Structure formats: structure tokens, C-alpha cells
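Examination of the molecular architecture
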Amino acid sequence: MGVDKPGVRNRPIIFRPGIERIGLAIAFVCTALLCWAATATAGPTATRTVYALGQIVPIPASIPHEAGDMVDRRILPNLRWLAQRYPIYVTDGYSGPLPTGEHAGCDNCHTRGSDHHNGLAVDIVPVGGGTKCDASWAPITRLALWAEPRPGMPSPPFRWVGYDGDAGHGCGHHLHLSWNHAVVAEFELAEWVEVFPVGPAPPGAEKPPRKKRPAAPKPPPGPSGGISTVRTGGLAPRID
Ligand SMILES: [Zn+2]
């Protein structure tokens, strides 16, 4: 009969612009997501240098960790920020002697000159993760890519990122993160540490000391966990 079904012929004229708008909206959302994804893997957008006095302290419960793990307190805000965004579990932080004569962290497990010996590095696995590179490691892989978007080029303030492609590191093993810091002897505290800002800087924390500091106090007898007397701004070799 050739009778048009009611409404069919006219409907596209009415709805096509709407469909186009929906298409444009989808394209916009996808573009926004792509931009977000690119930003999400770009690493910290800013850093600051902290001259506040360092101290090796226990890692608080808000940052999942192995019992007894310690770090320089100046990286705790960054670790807390990371723990709120990634399911991190710290397996080792500071490794070395304490002023009390005790020992923190694993013993003789890091290479000479390791940032672990200054409390400015952490080894990370996923909370509840095993030794198999499975889905539980995906957030840790994202964190590794955030800290080091391109191989061999960690985003400041990170000094060295050990993960896939680095011997003894990677998915199913562990992620190593080090923070930039002043050159310092092993088992001593760096004069400054570079971090990414997570809130207002404490008064004076970002300013280098104006006056020449008095001579550093003599370290206590025995293993030192004391203050660095090194005043140079260079960096030690990259060692985990
Ligand atoms: Zn490490």
C-alpha cells in the first residue's frame, strides 16, 4: 500500500540534532577523560625544598607498613598523601642504626649509598598483594608511572624510581621510591629534602638558613643517626 508508518518519516528530522549533540557531548567527555588520564600520569606538578630538621621516626598507622619501619619524618606528608590514593604497603624505609643502639629496617639488604640509609626511600608493595604480577599490582604500576612517566626520568621530587626494567624491582617484586636530598653520609640526615607540596608549608620550612649555622654538635658515640654536616647541593649516585 505504500502507507508510511506514522511518525517514522518525520522523526529523524526532530531527533537528529539531539543525536548530534549527544555525539558531541560524548566526544567532549572522552576528550576530557583523555586529558585527565594524561594529567594523572604526569607526576607531581610542583616541589618544594624542606630545610626543617630531619628525624628518623616510626611510620604512622595511617600509612600501611611492616612493623618497625621508619623514615625521615620530612617525607611522611608525601607518604600519607600517596597512601590516601594508592593501596601502598611499605616493606622497608630507613635501614640502619639508631641512636639508641638498635637497628631499624632490614639489615645489609640495600647497596652502599642507598637512600634507605638516610631514611629517604621506601620499598612498596600493594596491600594484600602477593609475589605474582596480577591485578592487585595495577595501582602500584600506576604509581610507578606517575612517579616516573618516562624510563630513567623520574619526576621531581623523586630521585630514583625502581620498578619494571630495574633488576630486583618491578610488578610482583616491589616499587622503590627515593626523594631528592642534599649529599649526605650514610646513616645521617640530609640537610634538605625535596618533596611535593600537600598543604601549606610550615613557616620557614622552605627558606634556607640565612646565617651560617654554628658548628654541628659532635655525634653521639656509636652508630650515628644524627644531623648531616654536609652543605653541598649535589646528589649522590642513584642507588636503591
Ligand atoms: Zn628500595
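Further up the page is the structure itself.
Cut-offs applied
- Residues numbered from 1 in each chain as written.
- Predicted model: local features only at pLDDT ≥ 70, side-chain atom pairs only at ≥ 80, totals over all residues.
- Heavy atoms only, no water.
- Helix = DSSP H or I, 4+ residues; strand = E, 2+ residues; numbered from the N terminus.
- Buried < 20%, exposed > 50% of the residue type's maximum accessible area, 1.4 Å probe, protein only.
- Contact = heavy atoms within 4.5 Å.
- Areas by Shrake-Rupley, 256 points an atom, 1.4 Å probe, with all protein chains shown as cover.
- Core = buried A, V, L, I, M, F, W, Y, C linked by side-chain atoms within 4.5 Å.
- Disulfide = S-S within 2.5 Å.
- Polar contact = N/O pair within 3.5 Å; in protein donor to acceptor, adjacent residues only side chain to side chain.
- Donors = N, O, S within 2.8 Å, 3.2 Å for Na, K, Ca; no water.

Attention now moves to the overall build of the chain. Assigned secondary structure in the chain consists of three helices and 10 strands. Taken across its 240 residues, the chain has 37% of its residues classed as buried. Considering only residue pairs separated by 6 or more positions, the chain has 64% of its internal contacts joining residues 24 or more positions apart. Per element, the accessible surface of the chain, about 13,800 Å² overall, is 62% carbon and sulfur.

Okay, the nonpolar core next. Where a protein is soluble and globular, its nonpolar side chains tend to be buried together. In terms of nonpolar packing, the biggest core is built from 36 residues, with Leu 79, Leu 82, Ile 124, Leu 175, Leu 177 and Trp 179 touching the most fellow members. Among the elements that take part in this core, helix H3 (residues 138-147) stands out by supplying five residues, more than any other. With near-sequence residues (within four places) excluded, Leu 175 lies in contact with Val 122, Asp 123, Ile 124, Ile 140, Leu 143, Ala 144, Val 161, Gly 162 and Tyr 163. Of all hydrophobic cores here, the second largest spans six residues; its members include Tyr 94, Leu 98, Ala 104 and Leu 189.

What follows deals with the state of the cysteines. Scanning the entire structure with this criterion turns up two disulfides. The disulfide partner of Cys 106 is Cys 109, and the gap between their sulfur atoms is 1.6 Å. Taking the sign of the torsion about the S-S bond as the criterion, the disulfide between Cys 106 and Cys 109, at about 50 degrees, is right-handed. For Cys 109, a relative accessible area of 39% corresponds to the partly exposed category. Across the disulfide, Cys 133 is cross-linked to Cys 171 (sulfur-sulfur distance 1.9 Å).

We now examine the environment of Asp 134. Tracing the chain through its elements places Asp 134 in the loop between strand E7 (121-126) and H3. What makes Asp 134 partly exposed here is its relative accessible area of 35%. Separated by 38 residues in sequence, Asp 134 and Gly 172 place their C-alpha atoms 7.4 Å apart. A polar atom in the side chain of Asp 134 sits 2.6 Å from the side chain of Ser 136.

A few words on the coordination of the zinc ion. At this site the zinc ion is bound by His 116 (NE2), Asp 123 (OD) and His 176 (ND1), with donor distances of 2.0 to 2.1 Å. Coordination of the zinc ion draws on donor residues from a single chain, spaced H-x6-D-x52-H in sequence. A relative accessible area of 0% places His 116 in the buried class.

Another point: unusual backbone geometry. Look at the link from Pro 156 to Pro 157: it is a cis peptide, with omega at 10 degrees. Here Pro 157 lies in the loop between H3 and strand E8 (158-162). Despite not being glycine, Asn 108 shows a phi value in the positive range, around 55 degrees. Inspection of the secondary structure assignment puts Asn 108 in the loop between strand E6 (103-104) and E7. Residue Asn 108 is classed as exposed on the basis of its relative accessible area of 77%. Of note in the backbone geometry, Phe 187 takes a positive phi value of approximately 65 degrees without being a glycine. Mapped onto the elements of the fold, Phe 187 is located in the loop between strand E9 (175-179) and strand E10 (193-195).

Structural measurements only, silent on function.
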